[in-house]
Amino acid sequence: MPKILDGAPIAAQIKQEVAEEVKELARRGVRPGLAAVLVGHVPASEIYVRSKVQACEELGLYSDLITPPETVTTEDMLDLIAALNSRDDIDGILVQLPLPKQVDAKVLLDAVDPAKDVDGFHPVNAGRLQAGRPALAPCTPAGVIEILKRSGIPIAGANAVVVGRSDIVGKPAAMLLLHENATVTICHSKTRDLAAVTRGADILVAAIGRPGFVTLEMVKPGATIIDVGINRVTDPAEFEKFFAGNAKREAAFAKRGSVVIGDVHPAAFEVSGAYTPVPGGVGLLTIAMLMSNTVRAARMRRGL
Ligand code: NDP
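Computed from a prediction, not measured in an experiment: that's the story for all the values here.

### A look at the packing of aromatic side chains
So, point 1. With the rule as written, the count across this model stands at four aromatic pairs.
So, point 2. Measuring from centroid to centroid gives 4.1 Å for phenylalanine 269 and tyrosine 275, while their planes differ by 15°, and the two rings are stacked.
So, point 3. A relative accessible area of 13% places tyrosine 275 in the buried class.
So, point 4. Members of the aromatic cluster, connected to one another through ring pairs, are Phe239, Phe242, Phe243 and Phe253.

### Describing the site of the ligand
So, point 1. Among the 22 residues in the neighbourhood of the ligand, the closest are listed as Arg165, Ser166, Ser189, Ile230 and Thr286.
So, point 2. Within the side chain of threonine 140, one N or O atom sits 3.5 Å away from a nitrogen atom of the ligand.
So, point 3. Between the ligand and threonine 286 there is a distance of 2.9 Å, counted from a nitrogen atom to a side-chain nitrogen or oxygen.
So, point 4. Summarising the interface, the protein chains cover 71% of the accessible area of the ligand, which totals 930 Å² for the free molecule.
So, point 5. Taken together, the residues of the shell around the ligand sort by class into nine nonpolar, ten polar and three charged.

### Observations regarding the state of the cysteines
So, point 1. If you walk through the whole model with that rule in mind, you get zero disulfides.
So, point 2. Here cysteine 56 is not cross-linked by a disulfide; its sulfur's nearest cysteine counterpart is in cysteine 139, at 11 Å.

### Regarding the sheet that holds strand S3 (residues 62-66)
So, point 1. Strand order in this open sheet of three strands is S3-S2-S4, and the pairing throughout is parallel. Two strands bound the open sheet, and with one partner strand each, they are S3 and strand S4 (92-95). This sheet shows a mean twist of 15° between the axes of neighbouring strands, independent of strand direction.
So, point 2. By the bridge criterion, five bridges tie strand S2 (residues 33-37) to S3 in an arrangement that is parallel. Counterpart to alanine 36 in the pairing with S3 is leucine 65.
So, point 3. Its contacts with the sheet put helix H2 (residues 43-59) on S2, S3 and S4, and the angle it makes with S3 is roughly 155°.
So, point 4. Sheet contacts for helix H3 (residues 74-86): S2, S3 and S4; angle to S4, the most-contacted strand, approximately 160°.

### Re empty space enclosed by the protein
So, point 1. Using the criterion set out here, one finds one cavity of 30 Å³ or more in the structure.
So, point 2. Of the volumes computed, that of the largest cavity is approximately 40 Å³.
So, point 3. Around the largest cavity, the lining residues are Ile93, Val95, Leu109, Val112, Asp117, Asp119 and Phe121.
So, point 4. For the lining of the largest cavity, the per-class residue count stands at five nonpolar, no polar and two charged.

### Describing unusual backbone geometry
So, point 1. The linkage connecting leucine 97 with the following residue, proline 98, adopts the cis geometry, with an omega of 0°.
So, point 2. Tracing the sequence through the fold places proline 98 in the loop between S4 and helix H4 (105-111).
So, point 3. The amide bond that connects valine 278 to the next residue, proline 279, takes the cis arrangement and shows omega of -5°.
So, point 4. Within the secondary structure layout, proline 279 lies in the loop between strand S11 (274-275) and helix H12 (283-301).

### Re the sheet that holds S11
So, point 1. Read from one edge of the open sheet, six strands run S1-S11-S8-S7-S5-S6, paired in parallel fashion. Where the open sheet ends on each side, the last strands, each with one partner, are strand S1 (3-4) and strand S6 (183-187).
So, point 2. Both strand S7 (residues 203-206) and strand S8 (residues 224-227) contribute to a ladder of four bridges, which runs parallel. The partner of isoleucine 203 across the bridge, within S8, is threonine 224.
So, point 3. Contacts between helix H6 (residues 139-150) and the sheet are confined to S7 and S8, with S8 contributing the most and set at about 150° to the helix.

Analysis parameters
Residues numbered from 1 in each chain as written. Predicted model: local features only at pLDDT ≥ 70, side-chain atom pairs only at ≥ 80, totals over all residues. Heavy atoms only, no water. Phe/Tyr/Trp six-rings, centres within 6.5 Å; stacked < 30°, edge-to-face > 60°. Buried < 20%, exposed > 50% of the residue type's maximum accessible area, 1.4 Å probe, protein only. Near = heavy atom within 4 Å. Polar contact = N/O pair within 3.5 Å; in protein donor to acceptor, adjacent residues only side chain to side chain. Areas by Shrake-Rupley, 256 points an atom, 1.4 Å probe, with all protein chains shown as cover. Nonpolar A, V, L, I, M, F, W, Y, C, P; charged D, E, K, R; others polar. Disulfide = S-S within 2.5 Å. Pairing = 2+ DSSP bridges. Helix = DSSP H or I, 4+ residues; strand = E, 2+ residues; numbered from the N terminus. Axes fitted to C-alpha atoms, helices over the stretch in contact; angles between N-to-C directions. Contact = heavy atoms within 4.5 Å. 1 Å grid on protein atoms, 1.4 Å probe; cavity = no way out; pocket = protein on both sides within 12 Å on 5 of 7 lines; lining within 4 Å. Points joined across faces, edges and corners; volume = space filled by probe spheres on them.

Below you can see the structure in the form of C-alpha cells.
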C-alpha cells in the first residue's frame with residue numbers, strides 16, 4: 001500500500017514553528033507584517049487572500065489587506081507598491097494573481113522590494129535561489145521540499161523528475177531539489193518520450209495543470225509522487241474517467257457538480273511508494289510557507 005503524504009499535519013507543524021518564532025521576535029520588539037493586495041472581486045482570489053490574512057492572525061503576524069478597485073491602473077499599483085516598500089511595519093508584500101488585464105503584472109512584481117518578496121517571484125530572488133544564496137523561495141516549491149523532508153523521503157542522490165517548467169512552480173522546485181542533491185530532470189511540453197523519462201524518477205513532481213495527466217505507465221513502481229496540480233473537473237464523462245467506482249468522490253460530485261483533481265491519475269498513485277493527495281497535499285503547505293517566508297523576511301531585513 002502506498003503511503004499517503006498528508007499535507008495537514010506538516011502544514012500544522014510548520015505553522016506551529018512560525019508561531020513560536022513570532023513569539024521570540026516579539027520579545028525583541030519585532031512583529032512581522034504582511035501586506036496582501038487583492039484587486040477587484042475574483043472569488044477564488046478572495047478565498048485565498050482571506051485564508052492568508054486569517055493565518056497571519058492565528059500565528060500572531062500583523063497583516064494589512066489592501067483592496068484596490070478592478071479599474072486600478074499599473075501606475076496606481078506601482079505607487080501602492082512603492083508605499084509598501086517603504087513601510088517599516090511591512091516585511092512581506094503579496095500581490096494576489098491574477099490581476100485585471102490593464103495591469104502589467106510583470107512590471108508590478110518586479111517593483112516589489114526583493115527583501116519583501118515573500119512569494120519569491122522577483123528575478124533577484126530567482127537568481128539568488130539559483131546561485132545558492134539566501135533567498136525567499138516560492139512557497140509551493142518550498143512546500144514540496146518540506147513534505148519530502150518531513151516525511152523522511154531521501155532526496156540526496158535520488159532521480160527527481162519535475163514535469164513543468166513554470167517560473168513559480170517547476171523551475172524553482174527543480175532548483176530546490178538540486179540544492180538537496182537530487183539528480184534533476186526538468187520536462188515540459190516539448191519533451192520527447194515523456195513516459196520514458198518519468199519512469200526513471202524516484203521522485204516525480206507533477207506541475208502541469210492538466211487533470212490526471214500522469215498515468216500508471218509513466219510511474220516507476222515504488223516512486224514518490226508529488227502532485228502539485230489543482231484542476232477542477234465538471235464534465236461527468238471526465239469525472240467517470242478518473243473516479244468511476246469511488247463512492248466518496250461520486251457523492252462529492254453529485255453534491256457540488258465538480259471535484260478537484262491533481263495532475264496525476266488516481267490509478268498511478270496505486271503503484272507509487274508514497275504520494276501527496278489532491279486535495280490535502282501540497283496545496284495545504286503553500287500558506288504555511290508564505291507565513292514562514294514572511295518571518296524569514298522580517299529577520300533578514302533586520303539582520304537577525
Ligand atoms: P503553467 O501553466 O505555468 O505551467 C505548466 C507547465 O506544464 C509548463 O511548463 C508546460 O510546458 C508543462 N506542460 C503542459 N503540457 C504538458 C505536456 N503535455 N507534457 C509535458 N509538460 C507539459 O502552470 P503552473 O506551473 O503555474 O501550475 C501547474 C499546476 O500546479 C496547476 O495545476 C496549478 O493549478 C497548480 N498550482 C498549485 C499551487 C498550490 O498547490 N498551491 C500553486 C501554483 C500552481 P511548456 O513550458 O513547454 O508550455
